[in-house]
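Examination of the molecular architecture
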Amino acid sequence: QTSFLTAEQAQLAMEQSLSYLNKERDVRGFVDIKGWVHSMAHGADLAAAILSHPHAKVQYGAVILQGVKESFWKGRVYTDDEDERLVKIFEVFAKNNFPEDVLVEWMEQVFDKLQRHLYEVGYTPELFVARTNTMQFAKTLYFTLKFSGKYDKLRGITSIFISKWMKMQ
């Protein structure tokens, strides 16, 4: 509500935070004794805040999308609603009229990565974890888009991929 950073300071903070989702390795949710670690959910919140900032640049979207895609491949199935927090990023994209065609192409790349892994490496535990995370995210995104009435083309392609990957090839 009250800006306390200069435009340059805000820009620097955003640029240094952009790759958080891509770089974070500790993807636990709740940890006994310590409490909530929840780095992917907090990283998604950070990404949504960056995209919502008045000084955000359009090209930040590409870096954040890469981070979301990589978050599916971190080696742990998300069980603490990380998918819902990651989808919040797409709600900000919609609010800011981010180009839908870019998001459609991104979704195709997300599922292409699964397909490439399947063909090149086969049915591995890594594939099943990434598939589960990707599918949870895609289903949450599908219903969020359906209820919001936004990004019909993205919702349609997401539906096709969900249908295809519901049956594990």
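In this text the structure is predicted, and so the values were computed from the model without any measurement. (Residues numbered from 1 in each chain as written. Predicted model: local features only at pLDDT ≥ 70, side-chain atom pairs only at ≥ 80, totals over all residues. Heavy atoms only, no water.)

Attention shifts here to the packing of helix H4 (residues 60-71) against helix H5 (residues 82-95). Packing of H4 against H5 leaves a shortest axis separation of 11 Å and a crossing angle of 155 degrees. As the angle between them shows, H4 and H5 are arranged roughly antiparallel. H4 and H5 meet at a crossing whose hand is left-handed. Residues Gly 61, Ile 64, Leu 65, Val 68 and Ser 71 of H4 pack against Leu 86, Ile 89, Phe 90 and Phe 93 of H5. Partitioned by chemical class, the residues of the contact of H4 with H5 number seven nonpolar, two polar and no charged. (Axes fitted to C-alpha atoms, helices over the stretch in contact; angles between N-to-C directions. Helix = DSSP H or I, 4+ residues; strand = E, 2+ residues; numbered from the N terminus. Parallel < 35°, antiparallel > 145°, perpendicular 65-115°, else oblique. Left-handed = near helix turned anticlockwise from the far one by under 90°. Contact = heavy atoms within 4.5 Å. Nonpolar A, V, L, I, M, F, W, Y, C, P; charged D, E, K, R; others polar.)

The next point concerns the nonpolar core. The tendency in soluble globular proteins is for nonpolar side chains to be buried side by side. By size, the foremost hydrophobic cluster in this structure holds 48 residues, and its most contacted members are Ile 89, Phe 90, Phe 137 and Leu 154. Put simply, the parts of the chain that give this core at least two residues each are helix H1 (7-17), helix H3 (39-52), H4, H5, helix H6 (100-120), helix H7 (125-148) and helix H8 (152-166). If near-sequence neighbours (up to four positions away) are discounted, Phe 137 is found in contact with Val 68, Phe 72, Asp 83, Leu 86, Val 87, Phe 90, Trp 106 and Met 107. (Core = buried A, V, L, I, M, F, W, Y, C linked by side-chain atoms within 4.5 Å. Buried < 20%, exposed > 50% of the residue type's maximum accessible area, 1.4 Å probe, protein only.)

Okay, the pattern of salt bridges next. In this structure the tally under the stated criterion is nine salt bridges. In this structure, Glu 15 engages Lys 57 in a salt bridge whose closest nitrogen and oxygen atoms are separated by 3.9 Å. Residue Glu 15 is located in helix H1, and its partner Lys 57 is located in the loop between H3 and H4; the two are separated by 42 residues in the primary sequence. We classify Lys 57 as partly exposed; its relative accessible area is 35%. A single network of salt bridges, built from pairs that share partners, joins Arg 76, Asp 80 and Glu 82. (Salt bridge = Lys/Arg side-chain N within 4 Å of Asp/Glu carboxyl O.)

Let us now look at the environment of His 42. Tracing the sequence through the fold places His 42 in helix H3. On a C-alpha basis, the gap between His 42 and Leu 21 in space is 9.2 Å, while along the polypeptide they are 21 residues apart. What His 42 contacts, discounting residues up to four positions off in sequence, is Val 37 and Arg 85.

The next subject is unusual backbone geometry. Positive phi values are uncommon outside glycine, yet His 38 reaches one of about 50 degrees. By the secondary structure assignment, His 38 is in the loop between strand S2 (35-36) and H3. Even without glycine at this site, Asp 81 takes up a positive phi of about 65 degrees.

Moving on, we get to the environment of Met 166. Within the secondary structure layout, Met 166 lies in helix H8. Through-space distance from the C-alpha of Met 166 to that of Arg 131 is 9.6 Å; in sequence the pair is 35 residues apart. When sequence neighbours within four positions are dropped, the list of residues in contact with Met 166 reads Arg 131, Met 135 and Lys 139.

Our focus in this paragraph is the side chain of Lys 74. Within the secondary structure, Lys 74 is located in the loop between H4 and H5. Notably, Lys 74 is buried but unbridged: the nearest opposite-charge side chain belongs to Glu 70, and the N-O separation is 6.8 Å. A polar contact is formed between the side chain of Lys 74 and the backbone oxygen of Leu 21, at a distance of 3.1 Å. Of note is the side chain of Lys 74, whose polar atom sits 2.6 Å from the backbone oxygen of Glu 24. Lys 74 has contacts with Leu 21, Asn 22, Lys 23, Glu 24, Arg 25, Val 27 and Met 40, leaving out every residue within four places of it along the chain. (Lys, Arg positive; Asp, Glu negative; His and termini not counted. Polar contact = N/O pair within 3.5 Å; in protein donor to acceptor, adjacent residues only side chain to side chain.)

Moving on: H3. Spanning 14 residues, H3 covers 20 Å between terminal C-alpha atoms, matching the ideal 20 Å at 1.5 Å per step. Turning to H3, its buried residues are Ser 39, Met 40, Ala 41, Gly 43, Ala 44, Ala 47, Ala 48, Ile 50 and Leu 51. (Expected span 1.5 Å × (residues − 1).)

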